[in-house]
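A structural walkthrough
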Amino acid sequence: MEALLNYIDGELIAPASGEYLDNIEPATGEVYSKIPLSSEPDLEQAVAAAEAAFPAWSAMPQEQRSRLLIKLADAVEAASDQLAIAEARDNGKAVTFAKAVDSYRASANIRFFANACTQFSSESHGMGDVGVNYTLRDPVGIVGTISPWNFPLYLFTWKIAPALAAGNVVIAKPSEVTPMTAYLFSQICQQVGLPKGVLNILHGAGAQIGQAIVEHPRIKAISFTGGTATGKKLAATAAPMFKKLSLELGGKNPTLVFADCDFETTVKEVARAAFSNQGQICLCGSRIYVERSIYDRFKEAFVAEVERIKIGDPLDESTQHGALVSEAHMNKVLSYVQLALEEGGTLLTGGKRRILEGRCEQGYFVEPTVIEGLSLQCRTNQEEIFGPVCTLQPFDTDEEAVALANGTDYGLATSVWSSNVQRCHKLSKQLQFGIVWINSWLLRDLRTPFGGVKASGVGREGGEEALRFFTEPKNVCIKY
Ligand code: NDP
């Protein structure tokens, strides 16, 4: 059985502990590889390698750094089919989705920041006849990146690309649940000749090696994507050490459907927003609010659309809905369906584990599930389920729609479906979210600020926001 390796100082090496965790394929429930259980000695080795690499990497002319990263992006793109298959196997997601979204975005992230760093400029502030200020933006130094399992390589590269492009050296920890593509990526880094120690990848348990990265005094910034509870814990450790911290956390995103929407497109897109990646996207719209005059018509069309989603082996090109990432996560999602029924909800479709035949008979498949009849205050509508479960509820006025949308602790993303331009602008202002999509969902431009408010996080990723996070501004004031 293949044992994955850490990537430290340009070498693929076994963990100091000699211990490994099981890596399970979610579609089959079988262990198919071993994950290094990294600990402090591995981290110390990675920090030493990163420290040694920093002077040359940070001093490298921007154009040269950009060329190296473009070479890396090209190599990731060339391997994109292989990476997508690996992602489908490791995560349970449908391979066609992994090709279109995960592996496409992994190379796009690197290419984007390879170019963006050559365009990045700093500010100057004139003081009339008195003097002038200019801002220097230097790399932070050693930065830690911690990423989740739902888009393993996509979110991993979303962090390391701006960090490296800005001249930092990185210690990255992928989720222990989905380590495979980060491992394959480390092999690609070797092939393209990324300088040793510039990027170091440590696999293992979040509570152990993840926590150690956050606690390490010589790691100056942490970029984290994951659950809100983990984010809170991280902040409690990092804040008293005055580390730079970017937290992209959970969501409980509302979808607002108005009677004047483009009905057919909206039904399809709202289903996509709820169930893409088996509902395991922080941006998924899991609370769907529909204007009462079209509620029944929408419900019928929506449930029919959801029932057409093809569940199957993630490696089958025709599959649209694969397995959930782990048995524990499947059980958590199913427990929320049970809770929804106890809270008085009515199941419109789905609600069960789906047992497939053949290779996937032990896999963690859950049917796309739609529930109605629940209040905003119930736990089903307040807590992040992060699976293929959504709720439907009618509303009567724009004010009520906004109040429902804003009525949770989260504030990551929302989408509004209406042909009334004035309403769309007005609501966009009133909705308390980091991202508002109008007549669209997951339409992404990598230059835009990405992130949430309230319990959905602190800080923004994407474009210049990411390059600002990974640099330290210094003001130089000159008197004439
Ligand atoms: P977790 O919070 O469980 O884990 C995220 C990462 O943190 C993993 O690499 C994990 O390692 C690591 N980790 C766990 N404990 C610690 C610790 N004490 N110190 C340092 N690192 C730690 O999230 P999930 O992986 O379950 O991902 C799902 C969550 O991510 C959802 O809440 C989702 O909304 C959110 N998310 C947010 C996004 C956003 O942009 N806002 C985008 C995508 C997901 P390990 O896996 O090894 O335990």
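Above this note sits the structure.
Quick notes on the rules
Residues numbered from 1 in each chain as written. Predicted model: local features only at pLDDT ≥ 70, side-chain atom pairs only at ≥ 80, totals over all residues. Heavy atoms only, no water. Helix = DSSP H or I, 4+ residues; strand = E, 2+ residues; numbered from the N terminus. Rg over C-alpha atoms; globule rule 2.2 N^0.38 Å. Buried < 20%, exposed > 50% of the residue type's maximum accessible area, 1.4 Å probe, protein only. Contact = heavy atoms within 4.5 Å. Areas by Shrake-Rupley, 256 points an atom, 1.4 Å probe, with all protein chains shown as cover. Salt bridge = Lys/Arg side-chain N within 4 Å of Asp/Glu carboxyl O. Pairing = 2+ DSSP bridges. Axes fitted to C-alpha atoms, helices over the stretch in contact; angles between N-to-C directions. Phe/Tyr/Trp six-rings, centres within 6.5 Å; stacked < 30°, edge-to-face > 60°. Lys NZ or Arg CZ within 6 Å of the ring centre and 35° of its normal. Patch = residues over 30% accessible without salt bridge, like charges linked within 9 Å, V, L, I, M, F, W, Y side chains within 5 Å. Core = buried A, V, L, I, M, F, W, Y, C linked by side-chain atoms within 4.5 Å. Domains from an automatic or database assignment. Near = heavy atom within 4 Å. Polar contact = N/O pair within 3.5 Å; in protein donor to acceptor, adjacent residues only side chain to side chain. Nonpolar A, V, L, I, M, F, W, Y, C, P; charged D, E, K, R; others polar.

1. A closer look at the overall build of the chain
Within the chain, the regular secondary structure consists of 15 helices and 25 strands. Relative to the compact-globule value of 23 Å for 480 residues, the chain shows a C-alpha radius of gyration of 23 Å, a close match. Looking at the chain as a whole, 58% of its 480 residues are labelled buried. Intrachain contacts of the chain at a sequence separation of at least 6 include 74% that bridge at least 24 residues. Counting every atom, the chain has about 18,700 Å² of accessible surface; 53% of that belongs to carbon and sulfur.

2. A look at the pattern of salt bridges
Within the structure shown, the criterion is met by 24 salt bridges. Among the salt bridges present, the one from Glu123 reaches Arg137, with a minimum N-O distance of 3.5 Å. Here Glu123 is found in the loop between α4 (95–119) and β6 (124–126), whereas its partner Arg137 is found in strand β7 (residues 131–139), with 14 residues between them in sequence. One salt bridge in this structure joins Arg423 and Asp398, with 2.9 Å as the shortest N-O distance.

3. Focus: unusual backbone geometry
Even without a glycine there, the phi angle at Phe386 is positive, about 60 degrees. Topologically, Phe386 is positioned in the loop between α12 (379–382) and β19 (389–395). Take Phe386: its relative accessible area is 16%, and that puts it in the buried class. Unusually for a residue other than glycine, Leu442 sits at a positive phi of about 60 degrees. By the element assignment, Leu442 lies in the loop between β22 (435–438) and β23 (453–454). According to the relative accessible area criterion, Leu442 is partly exposed, its value standing at 21%.

4. Considerations on the sheet that holds β19
Strand order across the open sheet formed by seven strands is β15-β18-β19-β14-β13-β21-β22, with mixed pairing between neighbours. In the strand order of this sheet, the two ends are held by β15 (346–349) and β22, each with one partner. Between one strand and the next, the sheet's axes are offset by a mean angle of 25 degrees, whatever the strand orientation. Note that strand β13 (residues 253–257) and strand β14 (residues 285–291) share five bridges and pair parallel. From the neighbouring strand, Thr255 faces β14, where its bridge partner is Ile288. Packed onto the sheet, helix α9 (residues 263–275) meets β13, β14, β18 (369–372), β19 and β21 (413–417) and runs at close to 155 degrees relative to β14.

5. Focus: the packing of aromatic side chains
Counted under the stated rule, the structure contains 12 aromatic pairs. With centroids separated by 5.1 Å and ring planes inclined at 70 degrees, the aromatic side chains of Phe258 and Phe395 adopt a geometry described as edge-to-face. With Phe258 in the loop between β13 and α9 and Phe395 in strand β19, this pair connects stretches of sequence that are 137 residues apart. Just as Phe258 is buried, Phe395 falls in that class too. Lying over the aromatic face of Tyr154, Arg105 brings its terminal NZ or CZ to 4.1 Å of the ring centre. The positively charged end of Arg297 is found above the aromatic ring belonging to Phe263, 3.7 Å away from the centroid.

6. Thoughts on a nonpolar patch on the surface
Residues Met1, Ile24 and Val31 make up a contiguous nonpolar surface patch of roughly 270 Å² in combined accessible area. Checked against the element boundaries, Val31 lands in strand β5 (residues 30–36). On the accessibility criterion, Val31 (33% relative accessible area) is partly exposed.

7. Some remarks on the nonpolar core
Phe185, Leu199, Leu283, Ile288, Phe298 and Phe302 are the most contacted members of the largest nonpolar core, which totals 115 residues. In terms of residues, this core owes the most to one element, helix α5 (residues 152–165), which gives 10 residues. Counting residues domain by domain, this core receives three or more from each of domain 1 (2–249 + 456–479) and domain 2 (253–444).

8. What to know about the site of the ligand
Taken together, 30 residues form the shell around the ligand, and within it Glu176, Thr230, Leu249, Cys282 and Glu384 come nearest. With respect to the ligand, the backbone of Ser147 contributes an N or O atom lying 2.7 Å from an oxygen atom. Contact distances for the ligand include 2.8 Å between an oxygen atom and a side-chain N or O atom of Ser175. Considered on its own, the ligand offers 900 Å² of accessible surface; in the complex 89% of this is hidden by protein. Elements represented by at least two residues in the shell around the ligand include exactly α7 (206–215), β11 (221–225) and α8 (228–238). Looking at the shell around the ligand, the element that brings in the most residues is α7, giving four residues. Its residues assigned to classes, the shell around the ligand comprises 14 nonpolar, 12 polar and four charged.

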